[in-house]
Amino acid sequence: MEKEKFVVKAKKNYGETSVVSARLPMEIVKKLDHAANNTGRTRNELILLCIEYALTKLEVEE
């Protein structure tokens, strides 16, 4: 019987940080909080991961 692995990924070190404020619709905040509760991540960590993901997929049309 093969044992399931418990995989924990290391958190990325971003070095220097900056505080950024954004106004978000309450529905988005609720979804973020739900995801944070389900993943054990903070709201801030999820926002950062989502932004990183979106930036890697971003294509600017001129």
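Refer to the structure above for everything that follows.
Everything in this summary refers to the structure shown in the same document.

Before going further, it helps to examine the pattern of salt bridges. Oppositely charged side chains may form a pair once their charged atoms are brought near each other. By the definition in use, this model includes four salt bridges. A salt bridge links glutamate 52 to lysine 12; its shortest N-O distance comes to 3.5 Å. One end of the pair, glutamate 52, is in helix α2 (residues 43-57); the other, lysine 12, is in the segment before α1 (26-39), and 40 residues separate them in sequence. Accessibility expressed as a relative area gives 25% for glutamate 52, which makes it partly exposed. Its relative accessible area of 57% is what places lysine 12 among the exposed residues. With a shortest N-O distance of 2.8 Å, arginine 43 and aspartate 33 are connected by a salt bridge. Residue arginine 43 is located in helix α2, and its partner aspartate 33 is located in helix α1; the two are separated by ten residues in the primary sequence. Residue aspartate 33 is classed as partly exposed on the basis of its relative accessible area of 27%.

What counts, and at which threshold
Residues numbered from 1 in each chain as written. Predicted model: local features only at pLDDT ≥ 70, side-chain atom pairs only at ≥ 80, totals over all residues. Heavy atoms only, no water. Salt bridge = Lys/Arg side-chain N within 4 Å of Asp/Glu carboxyl O. Helix = DSSP H or I, 4+ residues; strand = E, 2+ residues; numbered from the N terminus. Buried < 20%, exposed > 50% of the residue type's maximum accessible area, 1.4 Å probe, protein only.

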